[in-house]
Structures are given as C-alpha cells and as structure tokens.
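Below, each chain spelled out in residue letters.
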Amino acid sequence: MRSIFKVLIFSSLFLTISLVGYSQEQNPELAQEYMIQAELTLEATQALDDVRPILITAADLDTTFIKANFEAGKILVETVGKDLAVKYFMRVYRQDPDYNFSIEYWIGKSYQYGLNFDKALEYYTLYKERLNKKSNYQGKDKISLASVDRSIFECENGKEFVSRPGNYSIVNIGREINSEYEDYAPVFNENEDELVFTSRRREDNLNENVFEDNKPYEDIFTSRKSGGTWSRAKNIGAPVNTPYHDSNLALSADGGTLFIYKDNNGGDIYSTERNADGTWTEPIPLPGIINSSFEEKSITISSDERTLYFASNRPGGFGGLDIYRATKDSKGEWSNVRNLGPTINTEFDDDGPYIDYDNVTLYFSSQGRKGMGGYDIFKTTFDPATNEWSEPENLGYPINTPDDDIYFVSSKDGKRAYYSSVREDGMGYTDIYMITIPEGLKHTEPIAVAEPEPDPIVEPDPIVEPEVTPKDPVVVTPKEEPKKEIVPIKYTITVVDAKTKTALDAKIGLQGMRDNVVVGASNKGTGVKEFNIVSPEAKEYRISIEMEGYIFVNQSVRIEGATTEEKSLSKTIEMQKLVVGVSSVLRNIYFDFDKATFKDESYNELNKLERMLKQNEALSVEIAGHTDNIGGKAYNLQLSKRRAEAVKDFLTSKGIDARRITAVGYGEANPLASNDDETDGREINRRVEMKVLGNK
C-alpha cells in the first residue's frame, strides 16, 4: 500500500522537478541533486518507472557524470526503452572503460534488444576478451562466461530469424482492451467471444492505492465480442479480484472455469466456477497435488478437461521453472504429476504452457533452446504412439523478439493466436495482440520462396535411325515445362542526410501498412538495406526509419506484387536534422470523427514521436493541429487545439517533460491544398505537424 513516507518522497520529487526550468545545458551541480533524489526514491520504493526519468535527467545534465550515466543505462535495460541504453553506456565506456567490469556486456545487451545483432556481437566479443585476460576476477559486477556465450548464441539466432521473418500479421487488439498500463495474459473461451486478461490499469481497479512500485495492483478484466467488436473491458469484480494482486492463468473451453494465480504458499493456482447468473464462485486451490510450497504460476487445460499442464520451480526439475503434466483421477482431483522431460524443459526457465484444441500441440515459452533473447515461444507435438514430444520449434520473428514473449494462446480453428508484447504500435507498456497466419497455426514455418532455377540446357539427342514400320508409329511425348516459382522483388532503401547526401547508419524497417507483416531484409552497407518482397499481391507498406539527431520517417509506399520475373526497385530517403525551424507533417496520426481521441492506427506514429524526443533530450517542439474548412472557423480552431493537446498529453503521460512541448491550434488558417476536393485537398489539410523550436 502507499505509505505516507512514499507520498512525501514523490511530493518532494514533484516539487524539485517543477522548480527547475527546462534546460539541457550541462549543470553538474543539478545533476548531483537529481542523482541523490533517485537514490532516495529507490531506498523508499521500487518505483523504477518513476526513477527512470530522474536518472536520465541527471545523466543528460552532466554527460561526464559516469555513475548517473551508467545507472541510467541499467534502469533502461531493466524496464522499457532497452535499446536506448546504448547512449548512456557508451558515455561511460568512452570516459572510463574500466568503470564497470562488464560494461561491454551491457552495451552488447542494449544493442541486442534493438535488433542490432552485429554491434551486439562486437561488444560481447570484447567482453569475452576482458574475461579471458582476467579469468580470476570475482567482482560483483562480473557477468559469467556462460551468460555471454548464451547472449552470443541468441544474437546468431536473431540474425537468422530476422533475415527470414514468418508471414505473420500482428495487430494490436485495440483500445477497448489495451490501456496505457500493462495488459497481458489473454485467455479465451472456445467460441472466441469472451476474453479474460490481467491489467495494471488505474481505471476500474479495486484498490485505490498502489503497489510498492507506485503502479496499480494487478486486477483481472473481461470483455465480450459482439458483431466482431470487443466491448469496453471491465473489472471481473469480487470475489475473483481482491484489493491486492490477482491475475488470470487459463479459461476452460466452455468458459465455465477460470484459473487464477495467488501469491499464497509461494505461489499457487486457484480455480473459480461461473454461476448461472454470470458471477463467479469464491476461488479455491486446485484439488489434488498440483500446488506445493514452491511456485506454480502458469496453467493450461485440455479441451476435454482431463489433462492440464503447469509450470513450477519445485525440486527435481531440470533448472528454474519446468513444465509438468497432470491428469484428473476418478475423484475429480489432479494427480499423476509428471515432468515433461528434457525434450521440453531446460536448465533455464520454461513457462507459459498452452495446449491446443487438438490436445497434442503444446505451445510454451522458454529462456533456453534456440532463442533470440528473453522468453521465446516454441511449439511441440505429442505422439501418443511413441509417448514422446517432438523437438520444440521456435515460432520465429516477428512473434519472438530479444525481449520476453509469453502467454501465447490460439483460436480453435488455428487461424489466429493472441499474446502480450511490447511493440511499436503499443498503447502503453505491454499490450495484447492478435496474430493471424494465412496458412494456420499448424504450419508455422516461415514461408520459403524458392529462387528461380536457370532454364535447363537441353543437349540435342544423337541421331539414330529408328526401325519404324507403318504399324509402329513413333509417339513423341512433349516435355513438361518446369513450374516457375515466385521470385522476391529486391527493394533497396538508401538513407542519406538531406543536406550533405551522405549515407546515414539509420534503423530501417519495412512492413505491411495494415497487416504489420514484416519484410525480410539484409544489410548492404551503411544506410542501405535490401528487402525481399514475397507477397504476390500489390499492397501498401510502411517505411520506418529512425536515427538520433534526425526527424523520424514513417512513410507509406505502394509496391507491386512479386511475380516469376526478377525485379529490383530502389528508393532513396533523405532525413532532416533536428535543427530549429525544421518541421514535419505527422501523417499517420488519426482522430475519431469530430473528436480529439486517437484511432488505434495512430499509436505507431505517436510512439515514434515519443522515441525521438527521448533520443534527443535537448529537443523542444511545437505540436500544431490543422483542420479543413468544413464547419465554423471558431469551432475548427478549438478542435485543432484540442487535437494538438491530445498529442501533448500522450507524450507527457510517457514521461516527456511538458515544457518541451508547445501545443497550438491553427484551425483552417494554413491549408496545404485546396479545400474544394476531399482526397487531394481537405484530407491533406486535416493534419498534425511537428516543428522544432529548440535543440541545444
């Protein structure tokens, strides 16, 4: 619960920040004050999300303050914005490479989170060299050789997976479900029209206080789907939820039994039954021998409700959390608990099991095996004839990332799956996403498009005089033409500075505009990336480019479908430096009609804007709203101002200092095109713009 002491700490923090005018000029004395405030806050709380901006401010106020910069990098790696930690670690490394024994390891880890595997491998290798030179070093800041070898292995896997992404459409399930807080662990009934999940949102939470990390307690929420639309999520209420942490684990196929997790007894699994009126019974511990004095934290039940799988760290396993199976006996109790064995379990944590409706396909998450970092999701199949599981298969990128990917569940028809993840179009921290695989989940291998084979060289047959009689005519069977395979389009993107035209080592991505299907690519040098377009259909794609010191690019492009003919396309994109006066239209921010509320498809652009402001801590901007000329001038002016304020509110909710953002509304005063036409005029004029006001 929130103590008076914690309230005083945060009140003091608020006053400290409020009294300091926004400035990013170097100020070592002020940086020291921020560092002291961060340390005091961490002594009193576990509020990492509140401490993170304080440490970052301390580091940016004095880039030579080694301790502040190292701690800023560490807290980023431990929370969100993990790939942004590189900047702070590198400040330390350039000034004192021996400040922390494992500094190269942490630089590599941040690069790994950012999918920059080559850079990560470079620094992991440097750290291994340090370890080899000082093999007897036993300081607390040492990272073991086994850990760095594991990270190197993950990077090699990551390069492989990212180069051939699976044909997955991964789409945010929407604002009726997701919030600005953590939303995770989705489970569904068989009809896929009821969703139960866990959230740490403030709205509708049963506890008005906060946990020791200064965020709301976990509560379980539900939503119903009607006409293809999810209803606004609501708290499942008592007796399932309590004033403390409550999280869901699984839902039976008929929706009648809900399994939940409680911290009791080291962590136990409970179940609750749905009453005829839709309410739920008082949760009770699972009957039988599932729960122990150790942790049991994940569960899935077969569609016939006779077998369940759960994760536990009880003794006798292979290391960390292991996955176990249990069956229901004649008394209705769970018994015959068995570890799934070394084919599934590893020396690392194995968690989040989900048994498919076929009762033989098991999905689970593992920190071991052929992963690319954190938890990766794997698939295995049980063969009743041999009583063995198949070798687990990594579902690949982009479902899996270097961060944790867990709590995967599928629909009964295998055409969709759901899980929680942190992605570019997220509305908060962790959001719930729907995965669509055209071929269905039973065929999860990435689609391989064969390279065209050269036409075979046909040598002329030797001349032979056949013995032919009128009764035996020669029948010549025509040779079948080999079936031609679709050849990927080679689409090359080159990124340069708008003024100097020099190549920029920017982060470049390409994915479907509507389905978010990631396009596989390979690096072709500084600022050059070659993408392989395999879709046979023409469609809209989003080009995404980021680089510190420049305005991000989120640009749409229509690319024709791949055919049996080889084809190469290229595009050069010029990036603008973040200098005073430069502006950019934020084309991908959309509002509900006549409102200042964002549509779901706006969050990719909003998150890019947030990242740009976090990457460039001295940057201050104007957010300007514009409208067309439909409606009265006074109303349009007010609407444009409200929309600009909505963008500012989003950014400040993510920890951006409000003094860095000026929100203004221009109404219909500054059109970019004629308002006489909708598509080529009014639609263009309805926009939000970003203008650089300062960047010291």
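Residues numbered from 1 in each chain as written. Predicted model: local features only at pLDDT ≥ 70, side-chain atom pairs only at ≥ 80, totals over all residues. Heavy atoms only, no water.

Some words on the sheet that holds strand 26 (residues 528-533)
So, point 1. Sheet architecture is open: four strands sit in the order 25-26-23-29, paired in mixed fashion. Looking at which strands have only one partner, the edges of the open sheet turn out to be strand 25 (521-523) and strand 29 (568-575). Strand-to-strand twist of the sheet, defined as the mean angle between neighbouring strand axes without regard to direction, takes the value 20°.
So, point 2. Two elements, strand 23 (residues 489-497) and strand 26, share six bridges in a ladder whose sense is antiparallel. If you follow Ile493 over to strand 26, its bridge partner there is Lys529. (Pairing = 2+ DSSP bridges. Helix = DSSP H or I, 4+ residues; strand = E, 2+ residues; numbered from the N terminus. Axes fitted to C-alpha atoms, helices over the stretch in contact; angles between N-to-C directions.)

Structural notes on the packing of aromatic side chains
So, point 1. A complete count under the given rule lists 23 aromatic pairs for this structure.
So, point 2. Both rings, one in Phe188 and one in Trp230, keep their centres 5.9 Å apart while their planes meet at 55°; by these two values the pair is tilted. Here Trp230 lies in strand 5 (residues 229-230) and Phe188 lies in strand 2 (residues 183-188), a separation of 42 residues in the sequence. Both residues of the pair, Phe188 and Trp230, belong to the buried class.
So, point 3. Summarising the aromatic geometry, the rings of Tyr309 and Trp389 are spaced 6.1 Å apart at their centres and angled 75° between planes, so their arrangement reads as edge-to-face. With Tyr309 in strand 12 (residues 307-312) and Trp389 in strand 18 (residues 388-389), this pair connects stretches of sequence that are 80 residues apart.
So, point 4. Take Trp389: its relative accessible area is 10%, and that puts it in the buried class. (Phe/Tyr/Trp six-rings, centres within 6.5 Å; stacked < 30°, edge-to-face > 60°. Buried < 20%, exposed > 50% of the residue type's maximum accessible area, 1.4 Å probe, protein only.)

Structural notes on the confidence of the model for the protein chain
So, point 1. Model confidence for the protein chain is summarised by a mean pLDDT of 88, while 89% of its residues fall at 70 or above.
So, point 2. Looking at the elements of the protein chain, mean pLDDT is at its lowest for helix 1 (residues 4-19), recorded as 43, and at its highest for helix 6 (residues 103-113), recorded as 98.
So, point 3. In the predicted structure, residues 1-21 sits below a pLDDT of 50 and forms 32 contacts with residues beyond four places in sequence or in another chain.
So, point 4. The low-confidence segment residues 443-466, where pLDDT is below 50, has 21 contacts with residues more than four positions distant or belonging to other chains. (pLDDT = per-residue confidence, 0-100. Contact = heavy atoms within 4.5 Å.)

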